[in-house]
Each structure stands twice: as structure tokens, then as C-alpha cells.
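Architecture and fold: a report
Chain by chain, the residues run as shown.
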Protein chains: 2
Amino acid sequence: MTRATAGPEIERLIQLLARLPGLGPRSARRAALALVKKKELLLEPLADAMAAAVEHVGTCSVCGNIDTTDPCTVCTDPTRDGSVIVVVEDVSDLWALERAGAIRARYHVLGGTLNPLDGIGPDDLSIEPLVARCAAGGVAEVILAVNATVDGQTTAHVVTDRLSHLPVRVSRLAHGVPVGGELDYLDEGTLAAAIRARTPF
Amino acid sequence: MTRATAGPEIERLIQLLARLPGLGPRSARRAALALVKKKELLLEPLADAMAAAVEHVGTCSVCGNIDTTDPCTVCTDPTRDGSVIVVVEDVSDLWALERAGAIRARYHVLGGTLNPLDGIGPDDLSIEPLVARCAAGGVAEVILAVNATVDGQTTAHVVTDRLSHLPVRVSRLAHGVPVGGELDYLDEGTLAAAIRARTPF
């Protein structure tokens, strides 16, 4: 019954859209309907954009960023400080730091965090390539911009350990009150960290 | 700054995804990242599915359904009761009724509701083609399955008026308590309608 109203092409579109993060089966159906209703305005450009992405987009062999060139735009940008490598868990973290305009340095994407329960060990992450980049010279500082979770901090410790024989300074992001944050809504851990790391006013 | 991290292909993908219902700029970025990270598993099949949809999907010239054939699967299905036409506002309503398996009849998609404020008059909706279908004969009943909104009900009245010279029975969906609904959460209008239309137990 259900399958009879829409052709197999539309059903396949719905099923694939439902696998995108943020879209469930219901919203995928709404999205598919919007696409086929706005064929010229939305479906065709999106199909073209995806075909172009399939053609051109890949992972940077140096840092793990996703881009249309290899090495990526960040790795080849001559105006960036190549002596600083910001280590992130995921490409989305790299993009977030770039959106914030936080630092103009190079990056290194680990591709996840250590998680013994999920069977993710140090060899599953891009740790050795990071050590190789640092060992090749020219790197003065590695900033560990991993998430402030247990897995993230474990990963940070392992990465630090692997880099200990090299002449690089390893730092991590500051903990504290988020800008615009209200104390009343913050957890005890953050408040304690903010007190400990208090700065002269 | 923001544009420098991801190539123009990815930015274009994000912008187009953000125009889908249910996806904002942030979730579009997450979706685009998921797509390019799962290139073989997700991006390529979706690009292919969209290209196939561009190629094959269109509007049924009889009822206004969206399908890969014209006339659509519903209009050509010989097991359906061709003497009953269910009039809906939008293709999504047609799909919803089909998912419910509510009735095995034909449909007619109006393409919206009358809305003088938005400048949508009777000629902007597919009302005349409905009248023509009924006038061609073989139609005994028209079920107005429009939304229970002011615009929907206004549209229902106009459609009824246009059909008044033809020997077709015009009916509308019953109002009442939704199945599984709790009285405490229902509005007064629904409760009053449910009382008025009470049935012997």
C-alpha cells in the first residue's frame, strides 16, 4: 500500500535522505517532496552539487581535512603559521575553529577519540602521522583542541605521551566559563575549573 | 575566513541542503560533512538517486500526484474505485492518506488552498480540472479531504459550489477525537464537534 503512491526513485530518495544526520523518516519524506516539487530550483542544483562533490572532494593526505584539493587549502595557505598544529578529533571541529577565526595555524584531524569499549585504539586514529609531521621539524607547538570529554582527555594524554620525545610544546584549550554563559546554568566541573584558572583583573 | 576551509563545492552543497525543510544552516553543515565523509556509502547513492529523480519524476497530468509515470500509479491502478475522488490540498496529504491505507480510490490534488491575502484565488488551484473530471462521468462521490483550517474549509465550500451542477455526492472528512487522543489535550472546537457528531455505542 505505502509503496504504491510514489515510484521507486522517490522511495529510494526518501530512504537515503533519512540517513542524513538531523533527518528522520518523516522529515526525509518532507524533504524529498520539497525536492521533487521544486525540481528546477532545488533538486537539479542539489543533484549537480552532489555529483561535483563526488568528483572533487576528498581527504587531505597531510592533515585529514576534507577539501577539493590535496593538500587542502589550509595546509597550502602560505599566510598561516606552520609552526603550530591544532589537533582536533573531527573535521567538524576544524570547521568550527575556522568559523570562529580562533587561530591561523595548521591542523591535524585525529579521526575520533580512543574508546576501548568500541575497540578504537591508538592505531585507529591518525596519531602516528601527527608524530611524523612533528618529527619532520618546523613544528614548535601542538595545541590539543579535543573535546572536554573523558574520551577526549584520554586521547589527549596518549597523544602527549607519543610526542614526549620530540622538541615540541604541547598545550590544551583553556577550561572556563563560556563567553556569554550564565554561572547559574553551568556545571560544577566548569565552575571549579574557572576558579582554579582565574586570571588577574 | 569561513570560506577558506571548505572548497566551493562543499559550500554550495551546504547552502542547497540548508534550503530543505527541516534543515537549518547548522544541520545542513553537519549533513554535508556526513555526506562527504561517507562518500561511497551515502553521497554517491544520493547523487545518483537525485539524478534519477530529476530524470524520471514528474506531476501526474490527471490528478496532480508526483510520480515516475504519467498518469501516475494511483490513476492507472485498476483495483481502485474510480467512482470516488478524494480531493486533497497537497501531494503530502495524498501520501499521508495512502500510508494510512484509508481508502482505495482516486485522488485530486488542488495544489494549495484559497488565500485572498496571499493572492491565491480559485484559478490558481486545480479546481476546473476537477470539475472536468467529474463532468466526464463515472464519478459518484467527491470526498473533500482538505485540512480543518479556515483556508481549507473556505476552499471546500468553493469546490462544492463549483460541483453543484453535477450529479456527484460531495462529502467531507469527519471531525472528532483523534484515535489515541486524550480529551484533556484537545481544543474546544474538536470536543464540541465530537459531541455534535456522537454515534450510538
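Within each chain, residues carry numbers counting from 1 in the order of the written sequence. Lettering of chains starts at A and numbering of ligands starts at 1, both following the order in which they are written. Per-residue local features of the predicted model are confined to residues with pLDDT of at least 70, and side-chain atom pairs are confined, for both listing and counting, to 80 or more; whole-chain, interface and lining totals are unaffected and use all residues. Excluded from the side-chain calculations are hydrogens and water; all other atoms, namely the structure's heavy atoms, are used.

The UniProt record marks residues 83-178 of chain A with the feature "domain: Toprim" (unreviewed entry), using the residue numbering of this structure. Only runs of H or I of at least four residues qualify as helices and only runs of E of at least two qualify as strands under DSSP, and these elements are numbered from the N terminus. Here residues 83-178 of chain A runs as 33% helix and 20% strand, with 28 Å between its end C-alpha atoms. UniProt positions are given in the numbering used here, feature names are shortened, and annotations may be inferred rather than shown by experiment.

In this section: the pairing of strand β4 (residues 105-109) of chain B. Residues and elements named next belong to chain B. Within β4, five of the five residues are buried, leaving the element largely enclosed by the surrounding structure. Where strand β3 (residues 81-88) meets β4, five bridges bridge the pair, whose relative direction is parallel. Residue pairing across strands places V88 opposite V109, the latter belonging to β4. Taken together, β3, helix α5 (residues 91-100) and β4 form a β-α-β motif whose crossover is right-handed. When accessible area is computed with a 1.4 Å probe and restricted to protein chains, residues below 20% of their type maximum are described as buried, those above 50% as exposed, and intermediate ones as partly exposed. Only strands that DSSP links by at least two bridges are regarded as paired with each other. By definition, the crossover connecting two strands over a helix is right-handed if that path, from the first strand to the second, turns clockwise as seen with the strands pointing away from the viewer.

Here the focus is the relation of the copies chain A and chain B. In the superposition of chain A on chain B (RMSD 0.1 Å, axial shift 0.0 Å), the rotation amounts to 180°. The two molecules are tied by a two-fold rotation axis, judged by turn and shift. When each C-alpha of chain A is compared by its distance to the rotation axis, A47 of chain A comes out closest, at 2.7 Å. Superposing the copies works by least squares over the C-alpha atoms of residues that have pLDDT at least 70 in both of them.

Residue and element names in this part refer to chain A. Where helix α2 (residues 25-37) contacts helix α3 (residues 39-56), the axes come no closer than 6 Å and their chain directions differ by 110°. On the basis of their axis angle, the class for α2 and α3 is roughly perpendicular. In this structure, α2 contributes A34, L35, V36 and K37 to the contact, and α3 contributes K39, L42, L43 and L46. Each residue belonging to the contact of α2 with α3 can be placed in one class, and the counts come to six nonpolar, no polar and two charged. Simply put, an axis is a line fit to the C-alpha atoms, just over the touching stretch for a helix, and the angle between two N-to-C directions goes from 0 to 180 degrees. An angle below 35 degrees is treated as roughly parallel, one above 145 as roughly antiparallel, one from 65 to 115 as roughly perpendicular, and anything else as oblique. Residue contacts are defined here by distance: any two heavy atoms, one from each residue, within 4.5 Å place the two residues in contact. Asp, Glu, Lys and Arg are counted as charged, while Ala, Val, Leu, Ile, Met, Phe, Trp, Tyr, Cys and Pro are counted as nonpolar; the rest, among them Gly, fall into the polar class.

Attention now goes to the pattern of salt bridges. All names here are of chain A. The rule for a salt bridge is simple: a side-chain nitrogen of Lys or Arg has to be within 4 Å of a carboxyl oxygen of Asp or Glu. Per the counting criterion, the structure on display carries twelve salt bridges over all chains. The salt bridge partner of R80 is E98, with a shortest N-O separation of 2.8 Å. Of this pair, R80 sits in the loop between α4 (73-76) and β3 (81-88) while E98 sits in helix α5 (residues 91-100), and the two are 18 residues apart along the sequence. If you follow the salt bridges from partner to partner, you end up with D77, R80, E98 and R104 in one network.

The subject of this paragraph is the interface of chain A and chain B. Contact with chain A, which involves 58 residues of that partner, is made by 59 residues of chain B. When chain A packs against chain B, close to 5,500 Å² is buried across both sides, 73% of that on carbon and sulfur atoms. Across the contact surface, chain A and chain B share two salt bridges. K37 of chain A serves as the salt-bridge partner of D90 of chain B, at 2.7 Å between the closest nitrogen and oxygen. Pairing of N or O atoms within 3.5 Å defines a polar contact, subject to two protein rules: one partner must be a possible hydrogen donor and the other a possible acceptor, and residues neighboring in sequence count only if both atoms are side-chain atoms. Run the count over chain A and chain B and you get eight residue pairs in polar contact (both at pLDDT 80 or more). When residues of the side of chain A that touches chain B are traced back to their parent elements, those giving at least two are α1 (8-17), α2, α3, β2 (66-67), α4 and α5 of chain A. The greatest single-element share of the side of chain A that touches chain B, amounting to 15 residues, is contributed by α3 of chain A. Joining two parts hides part of their accessible area as seen by a 1.4 Å probe, and the buried area is that hidden amount summed over both.

Attention shifts here to the sheet that holds strand β5 (residues 141-144) of chain B. Residues and elements named next belong to chain B. Ordered by their spatial adjacency, four strands build an open sheet running β4-β3-β5-β6, and the pairing between neighbours is parallel. Among the strands making up the open sheet, the edge pair consists of β4 and β6 (169-172). Strand-to-strand twist of the sheet, defined as the mean angle between neighbouring strand axes without regard to direction, takes the value 25°. Contacts between α5 and the sheet are confined to β3 and β4, with β4 contributing the most and set at about 160° to the helix. Strands β3, β4 and β5 of the sheet are contacted by helix α6 (residues 128-135), whose axis makes an angle of about 150° with β4.

Among buried residues, those of type Ala, Val, Leu, Ile, Met, Phe, Trp, Tyr and Cys that are joined through side-chain atoms within 4.5 Å constitute a nonpolar core. The biggest cluster of nonpolar side chains holds 78 residues, and the ones touching the most others in it are L13, L17 and M50 of chain A together with L13, L17 and M50 of chain B. If we ignore the near neighbours within four places in the chain, the residues touching M50 of chain A are L13, L17, L35, L43, L46, A47 and M50 of chain B.

This paragraph deals with the confidence of the model for chain A. pLDDT measures how confident the predictor is about each residue, on a scale from 0 to 100. Scored by pLDDT, chain A has a mean of 89; 97% of the residues are at 70 or more. Within chain A, the element-level pLDDT minimum falls on helix α8 (residues 188-196) of chain A, averaging 85, and the maximum on helix α6 (residues 128-135) of chain A, averaging 96.

Here, UniProt's "zinc finger region: C4-type" (unreviewed entry) annotation points to residues 60-75 of chain A. For residues 60-75 of chain A, helix accounts for 19% and strand for 12%, while the C-alpha atoms at its two ends are 8 Å apart.

Attention now goes to the side chain of E89 of chain A. Mapping E89 of chain A onto the fold places it in the loop between β3 and α5. We score Asp and Glu as negative and Lys and Arg as positive, and we do not count His or the chain ends. Buried charge without a partner: E89 of chain A forms no salt bridge, and the closest opposite charge is K37 of chain B, 9.6 Å away. Apart from residues no more than four positions distant in its own chain, E89 of chain A is found in contact with V109, L110, G111, G112, T113, V146, N147 and G152 of chain A.

Right, let's talk about the domain arrangement of chain A for a bit. A common way to state how big an interface is: give the accessible area lost once the parts meet. Note that domain bounds follow an automatic or database assignment of domains. The domains assigned to chain A are domain 1 (2-56) and domain 2 (72-172). The distance between the C-alpha centroids of domain 1 of chain A and domain 2 of chain A comes to 36 Å.

What follows covers the sheet that holds β3 of chain A. All names here are of chain A. Strand order across the open sheet formed by four strands is β4-β3-β5-β6, with parallel pairing between neighbours. Edge strands, defined here as strands with exactly one partner in the open sheet, are β4 (105-109) and β6 (169-172). Strand-to-strand twist in this sheet, taken as the mean axis angle between neighbours without regard to direction, amounts to 25°. Judged from the four bridges that link them, β3 and strand β5 (residues 141-144) form a sheet pairing that is parallel. Looking across to β5, one finds that V87 is bridged to L144. Its contacts with the sheet put α5 on β3 and β4, and the angle it makes with β4 is roughly 160°. Together, β5 and β6 form the strand contacts of helix α7 (residues 150-163), whose direction differs from that of β5 by roughly 165°.

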